[in-house]
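Read off the chains here:
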Amino acid sequence: MELLFEPMFRVPFVTGLLLAAVLPQLGLLLRVRNEWLAALGFAHLAGAGGTLGSLLGAPVLLSALALAGLGVLLRGMLRMRGNDFYALMVLAGWSLMVLATSLSHHAHGLGQTLIDGQIYFTGRTHLLASAVFALVLLPLLPRLNRWLLHLRLFPWQDQANGRPVALRVLCFNLLLAAGVALAAMVMGVMATFALLFIPAWVAFGIAPGWRGACGWASALGVAAYLAAFVAALLADLPFGPVLVALLVLSILLRGLPLPRPVTR
Amino acid sequence: MSEPLLQAEELSAGYQGPVVGPVSFSVSAGEVVVLSGPNGCGKSTLLGAVLGHSRVFSGSLRRSSRASLACLGQQAGLPEELPMTGRELVTLAEGDPAVLPEYLGAVLHQRVDRLSGGQRQLMHVWAAIAGSARLLLLDEPTNNLDPVSESLLADYLCGPLGERGVLLVCHEPDFVARVADRVIEVR
């Protein structure tokens, strides 16, 4: 148990906790937009950016953020919507990541960390970047919720009323790319994807309303993260797969009884 | 007479090429104008031209600068799963939940995806209605509505609209006959 209170684990713990609280909020919006594959797409692209950065001697985190950002720009330039583009992003990112890891020992080590999801190598730069990300995202979330829900439920209305829809979507995609890239470097590709996908999915099934869904998603992300951090450390297991396993188990919550619909 | 909220003159609209028109119509405050015609004649394309997702090939389309717009397209169904109450939906549309008919008021606290098909569609339509937009565009709003819901919508459209004008696409003759101030035949 003393391991849990070792100073060397404090930075990874706090960094992951911040991301576990905020990423599920982006997952909710991805689900509203029916673009949940974006989480996996940006995570793979960020992984490719990180390993390429390692190969070329560039800062890993910055390289991951840059390639994820490039993904946002490409999406805008190609005017592609939906999951098709993100599927391409998954494949291109995976291919680049694996090729880069095959070319150098250092890049190979990083690639393995991204696959295993070892959170314990997280440093102060990651913590600082995660704190800045959370500080930027949290005040914007109410507006992002309103913009993207309105766009989905009343399509074309905002464009017709002269609202800057493209700019709003770009703002969301940039925040998403940054958050996913950061999380992929901290806890690995699949743990990042699971944090975006599963809490939102569970919340969609059981929350009584949108505010409840926001609460459920973050609470589930944080609870799974805390349990995974402790379990992985005490049992000496890789963090990423433990987190993913716990999140996968959490889908059982979707079976919770819901209020019966009113039929009149 | 005040400026129309929307005025189309000899309007031809479409996507790669024109699919409808030329057609002329206008919508003023206080009136319900219905675009009528057989399936595939381009009624929704005309609404699309107003919204900006179909192209205007010839003629003109003018919207009053004072006419903020609310719309509900034929394809704008609510997602199959959506954790949002009726109250949240109406508030999102910048509407006042207090103006909803009692039929919907009673289920405002329910998730919209747990409502019956008719209630869900009416809640969606009413969310668009409950806002303050002066120009309301509705594309086949009676789809999936049960008779009670359809009657409530007709009552609203027949009532005093004040500063609001409505452009409606609808293929149900009885509903059109009940609510329309003017019918524009689109061919």
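For the structure, check the block above.
Residues numbered from 1 in each chain as written. Chains lettered and ligands numbered in written order. Predicted model: local features only at pLDDT ≥ 70, side-chain atom pairs only at ≥ 80, totals over all residues. Heavy atoms only, no water.

**Q** Any chance you could explain unusual backbone geometry here in plain terms?
**A** In most cases, non-glycine residues show a negative phi, while peptide bonds are predominantly trans. Residues and elements named next belong to chain A. Despite not being glycine, Trp-156 has its phi angle at roughly 75 degrees, a positive value. Secondary-structure assignment places Trp-156 in the loop between helix 6 (124-153) and helix 7 (157-160). By relative accessible area, Trp-156 is classed as partly exposed at 30%. (Helix = DSSP H or I, 4+ residues; strand = E, 2+ residues; numbered from the N terminus. Buried < 20%, exposed > 50% of the residue type's maximum accessible area, 1.4 Å probe, protein only.)

**Q** Could you clarify how one ought to interpret the packing of aromatic side chains in this entry?
**A** The description of an aromatic ring pair rests on the distance of the ring centres and on the angle between the ring planes. Residues and elements named next belong to chain A. In this structure the tally under the stated criterion is 15 aromatic pairs over all chains. An angle of 75 degrees between the planes, with centres 5.8 Å apart, marks the rings of Phe-85 and Tyr-86 as edge-to-face. The two residues Phe-85 and Tyr-86 agree in class, both being buried. With centroids separated by 6.1 Å and ring planes inclined at 80 degrees, the aromatic side chains of Phe-204 and Trp-210 adopt a geometry described as edge-to-face. Judged by its relative accessible area of 2%, Phe-204 is buried. Its relative accessible area of 6% is what places Trp-210 among the buried residues. Among the aromatic residues, those joined into a ring-pair cluster are Phe-9, Phe-13, Tyr-120, Tyr-225, Phe-229 and Phe-239. (Phe/Tyr/Trp six-rings, centres within 6.5 Å; stacked < 30°, edge-to-face > 60°.)

**Q** Looking at this structure, how should I read the sheet that holds strand 6 (residues 135-139) of chain B?
**A** Hydrogen bonding along the main chain pairs the strands of a sheet, whether they run parallel or antiparallel. Residues and elements named next belong to chain B. Taken together, the 5 strands give an open sheet; going across it, the order is 5-6-7-3-8, and neighbouring strands pair in parallel fashion. Each edge of the open sheet carries a strand with a single partner, namely strand 5 (69-72) and strand 8 (182-185). On average, each strand axis in the sheet is tilted by 15 degrees relative to the strand beside it, whichever way the strands run. As defined by bridge partners, strand 5 adjoins strand 6 across 4 bridges and the pair is classed as parallel. Looking across to strand 6, one finds that Leu-72 is bridged to Leu-138. The strands touched by helix 1 (residues 43-51) within the sheet are strand 3 (32-36), strand 5, strand 6 and strand 7 (165-169), with strand 6 carrying the most contacts at an inclination of about 145 degrees. (Pairing = 2+ DSSP bridges. Axes fitted to C-alpha atoms, helices over the stretch in contact; angles between N-to-C directions. Contact = heavy atoms within 4.5 Å.)

**Q** Before we go on, may I ask you to explain the nonpolar core in this structure?
**A** One broad rule of soluble globular proteins: the nonpolar side chains tend to lie buried together. Ranked by internal contacts, the top residues of the largest apolar core, which has 127 residues, are Phe-42 and Phe-239 of chain A together with Met-123 and Leu-168 of chain B. When residues of this core are assigned to their parent elements, the largest contribution, 14 residues, is made by helix 8 (residues 165-187) of chain A. Ranked by size, the runner-up nonpolar core spans 27 residues in total, among them Leu-5, Ala-8, Val-50 and Leu-135 of chain B. (Core = buried A, V, L, I, M, F, W, Y, C linked by side-chain atoms within 4.5 Å.)

**Q** Quick question: what am I supposed to make of a nonpolar patch on the surface here?
**A** On the surface, Leu-70, Leu-73, Leu-74, Met-77 and Leu-78 of chain A cluster together into a nonpolar patch covering about 510 Å² of accessible area. If you trace the backbone, Leu-73 of chain A turns up in helix 3 (residues 60-78). (Patch = residues over 30% accessible without salt bridge, like charges linked within 9 Å, V, L, I, M, F, W, Y side chains within 5 Å. Areas by Shrake-Rupley, 256 points an atom, 1.4 Å probe, with all protein chains shown as cover. Salt bridge = Lys/Arg side-chain N within 4 Å of Asp/Glu carboxyl O.)

**Q** Explain the pattern of salt bridges here, please?
**A** Going through the model one piece at a time under the given rule, you end up with 11 salt bridges over all chains. A salt bridge links Glu-35 of chain A to Arg-75 of chain A, with the nearest nitrogen and oxygen atoms 2.9 Å apart. Placement of the pair is Glu-35 of chain A in the loop between helix 1 (10-32) and helix 2 (37-56) and Arg-75 of chain A in helix 3, with a sequence separation of 40 residues. For the pair formed by Glu-35 of chain A and Arg-75 of chain A, the shared burial category is buried. Here Asp-113 of chain B ties to Arg-114 of chain B by a salt bridge, and the two come within 3.8 Å at their closest N and O atoms. Given a relative accessible area of 9%, Asp-113 of chain B falls into the buried group. Each of Arg-33, Glu-35 and Arg-75 of chain A takes part in one network of salt bridges that share partners.

**Q** Sorry, what's going on with the state of the cysteines here?
**A** Note on terminology: a disulfide is the covalent bond linking the sulfur atoms of two cysteines. For the coordinates displayed, the defined rule picks out 0 disulfides over all chains. As a non-bridged cysteine, Cys-171 of chain A has Cys-214 of chain A as the owner of its nearest cysteine sulfur, 16 Å distant. What makes Cys-171 of chain A partly exposed here is its relative accessible area of 25%. Unpaired in terms of disulfides, Cys-170 of chain B finds its nearest cysteine sulfur in Cys-158 of chain B, a separation of 12 Å. Assessed through its relative accessible area of 1%, Cys-170 of chain B is described here as buried. (Disulfide = S-S within 2.5 Å.)

**Q** I tried to follow the interface of chain A and chain B on my own but got confused; where do I start?
**A** Many analyses report the size of an interface as the accessible area lost when the parts associate. With 28 residues of chain A in contact, the opposing surface of chain B contributes 34 residues. For the pair chain A and chain B, the number of links is 1 salt bridge. Counting the contacts that link chain A with chain B gives 12 residue pairs in polar contact (both at pLDDT 80 or more). Elements with a minimum of two residues in the side of chain A that touches chain B: helix 6, helix 7, helix 9 (189-206) and helix 10 (210-235) of chain A. Classifying every residue of the side of chain A that touches chain B gives 17 nonpolar, 5 polar and 6 charged. (Polar contact = N/O pair within 3.5 Å; in protein donor to acceptor, adjacent residues only side chain to side chain. Nonpolar A, V, L, I, M, F, W, Y, C, P; charged D, E, K, R; others polar.)

**Q** In this structure, what is going on with the environment of Ala-181 of chain A? I would like to understand it.
**A** Residues and elements named next belong to chain A. The residue Ala-181 is located in helix 8 in this model. As for Ala-181 and Phe-42, which are separated by 139 residues in sequence, their C-alpha atoms are 6.6 Å apart. Among residues more than four places away in sequence, those in contact with Ala-181 are Ala-46, Ala-64, Leu-65 and Ala-68.

**Q** Would you explain the side chain of Ser-54 of chain B in this entry?
**A** All names here are of chain B. By the element assignment, Ser-54 lies in the loop between helix 1 and strand 4 (55-63). What makes Ser-54 buried here is its relative accessible area of 7%. One polar contact links the side chain of Ser-54 to the main-chain carbonyl oxygen of Thr-45, over a distance of 2.7 Å. Discounting residues that sit within four places of it in the chain, Ser-54 has contacts with Ala-13, Gly-14, Tyr-15, Thr-45, Gly-48 and Ala-49.

**Q** Just checking my understanding: could you explain the sheet that holds strand 1 (residues 6-14) of chain B for this structure?
**A** Residues and elements named next belong to chain B. Read across the open sheet, the 3 strands follow the order 2-1-4; overall the sheet is antiparallel. Strands at the two margins of the open sheet, each flanked by one partner only, are strand 2 (18-27) and strand 4. Neighbour-to-neighbour, the strand axes of this sheet turn through a mean angle of 10 degrees, independent of strand direction. Sheet topology places strand 1 next to strand 2; 6 bridges connect them, and they run antiparallel. Residue Gly-14 lies in a different strand from strand 2, and its bridge partner there is Pro-18.

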